[in-house]
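Here are the chains, one letter per residue:
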Amino acid sequence: MMNKKFLALSTTAVAAALALAGCSTGTGSTAPSSSAAAGSSMPGTDHGSSGMMSSNSPTASADHNAADTMFTQGMIPHHEQAVEMSAMMLQKKDIPAAVTDLATRIEAAQAPEIETMTGWLKGWNESATMGAGHSMDGMMGDDDLKKLEAAQGTEAAKLFLTQMIAHHEGAVMMAKTETAQGQNADAIKLSKAIVTAQEAEIQEMKDLLTTL
């Protein structure tokens, strides 16, 4: 009697094991697709390249290169300083309307670009800080900013234009380097837009200086 009962239990256990094995096989057949889907959504992945979905792959961040990273890391603080200088001018009195208009446009254009580039670095899994040994052309020193902050009226307008011309010229150089050496389509597009806009503003500022 006990033998029959044991046999019945064993048969049931075998059937259950076979059923579980069948389920496990079915689940396993879909696992590679799930892994591929997870890998394809990882930050920094080149969605245009099949078979390169691993975050550990050297080509996982092929949507940008070192030039894109350097351009973005450098242009963010460069833009931040231009916004700071423009904000100083907008707080002053007796500034020519043409100069305050320019400062307003610079602030309005560059502040959103800072957010855009910050988002790129995050998406690329790159640091927001440029490494040591790299410089940003056209940046003002602390003494320059203090002079601008202290200046008033026409003197402030002339100083702002003179400093911003040099600042823009530095940005144009950085942007042209990105256009020539970059890989990311969005970063290259922005670099070209910066060259076009800031070269026009450089000429505008030079013209304004002759009227002050």
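Heads up: the structure comes first, above all this text.
Overview of the overall build of the chain
Moving on, step 1. Of regular secondary structure, the chain possesses 6 helices and 0 strands.
Moving on, step 2. Beginning at the N terminus, the succession of helices and strands in the chain can be written as α-α-α-α-α-α.
Moving on, step 3. Counting only residues that meet the buried cut, the chain has 33% of its 212 residues in that class.
Moving on, step 4. Across the chain, every contact between residues at least 6 apart in sequence was considered, and the portion connecting residues at least 24 apart equals 76%.
Moving on, step 5. Summed over all atoms, the accessible surface of the chain reaches about 12,200 Å², with 59% contributed by carbon and sulfur.

Points about the environment of A111
Moving on, step 1. In this structure, A111 sits in helix α3 (residues 97–123).
Moving on, step 2. Residues A111 and E84 lie 27 residues apart in sequence; the distance between their C-alpha atoms is 10.0 Å.

Some details on the side chain of H78
Moving on, step 1. Inspection of the secondary structure assignment puts H78 in helix α2 (residues 66–90).
Moving on, step 2. According to the relative accessible area criterion, H78 is buried, its value standing at 1%.
Moving on, step 3. Discounting chain neighbours no more than four positions away, the residues touching H78 are M136, D137, G138, M139, H167, G170, A171 and M174.

Description of the pattern of salt bridges
Moving on, step 1. As enumerated under the stated definition, the model contains 3 salt bridges in all.
Moving on, step 2. The shortest N-O distance in the salt bridge between R105 and E204 comes to 2.5 Å. On the criterion of sequence distance, the pair formed by R105 in helix α3 and E204 in helix α6 (residues 185–209) is long-range, its members being 99 residues apart.
Moving on, step 3. Here R105 falls in the partly exposed class, since its relative accessible area comes to 31%.
Moving on, step 4. Taking the relative accessible area as the measure of exposure, E204 reaches 26% and is therefore partly exposed.
Moving on, step 5. Residues E199 and K176 are paired through a salt bridge, measuring 3.3 Å at the closest nitrogen-oxygen approach. Placement of the pair is E199 in helix α6 and K176 in helix α5 (residues 153–181), with a sequence separation of 23 residues.
Moving on, step 6. Judged by its relative accessible area of 38%, E199 falls in the partly exposed class.
Moving on, step 7. Relative accessible area serves as the criterion here: at 44%, K176 is assigned to the partly exposed category.
Moving on, step 8. When salt bridges that share partners are traced, they join D101, R105 and E204 into one network.

Details of α2
Moving on, step 1. Between its terminal C-alpha atoms α2 stretches 36 Å, which fits the 36 Å expected from 25 residues at 1.5 Å a residue.
Moving on, step 2. At the N-terminal end of α2, a side-chain oxygen is found 3.2 Å from the backbone nitrogen of A67, two or three residues along, and the residue is N65.

Comments concerning the packing of aromatic side chains
Moving on, step 1. If you walk through the whole model with that rule in mind, you get 1 aromatic pair.
Moving on, step 2. Both rings, one in W120 and one in W124, keep their centres 6.1 Å apart while their planes meet at 20°; by these two values the pair is stacked.
Moving on, step 3. Residue classification places W120 among the buried positions, given a relative accessible area of 16%.
Moving on, step 4. You can call W124 buried: its relative accessible area is 5%.

Structural notes on the nonpolar core
Moving on, step 1. Membership of the largest hydrophobic core comes to 39 residues, with the highest contact counts inside it found for M89 and F160.
Moving on, step 2. Of all elements in the fold, only α2, α3, α4 (142–150), α5 and α6 reach the threshold of two or more residues within this core.
Moving on, step 3. The dominant element in this core, judged by the number of residues it contributes, is α5, at 10 residues.
Moving on, step 4. Not counting chain neighbours up to four residues away, the residues in contact with M89 comprise I95, V99, A103, L148, A156, A157 and F160.

Basis of the calculations
Residues numbered from 1 in each chain as written. Predicted model: local features only at pLDDT ≥ 70, side-chain atom pairs only at ≥ 80, totals over all residues. Heavy atoms only, no water. Helix = DSSP H or I, 4+ residues; strand = E, 2+ residues; numbered from the N terminus. Buried < 20%, exposed > 50% of the residue type's maximum accessible area, 1.4 Å probe, protein only. Contact = heavy atoms within 4.5 Å. Areas by Shrake-Rupley, 256 points an atom, 1.4 Å probe, with all protein chains shown as cover. Salt bridge = Lys/Arg side-chain N within 4 Å of Asp/Glu carboxyl O. Expected span 1.5 Å × (residues − 1). Polar contact = N/O pair within 3.5 Å; in protein donor to acceptor, adjacent residues only side chain to side chain. Phe/Tyr/Trp six-rings, centres within 6.5 Å; stacked < 30°, edge-to-face > 60°. Core = buried A, V, L, I, M, F, W, Y, C linked by side-chain atoms within 4.5 Å.

Geometric descriptors of this kind do not, in isolation, establish any biological role.
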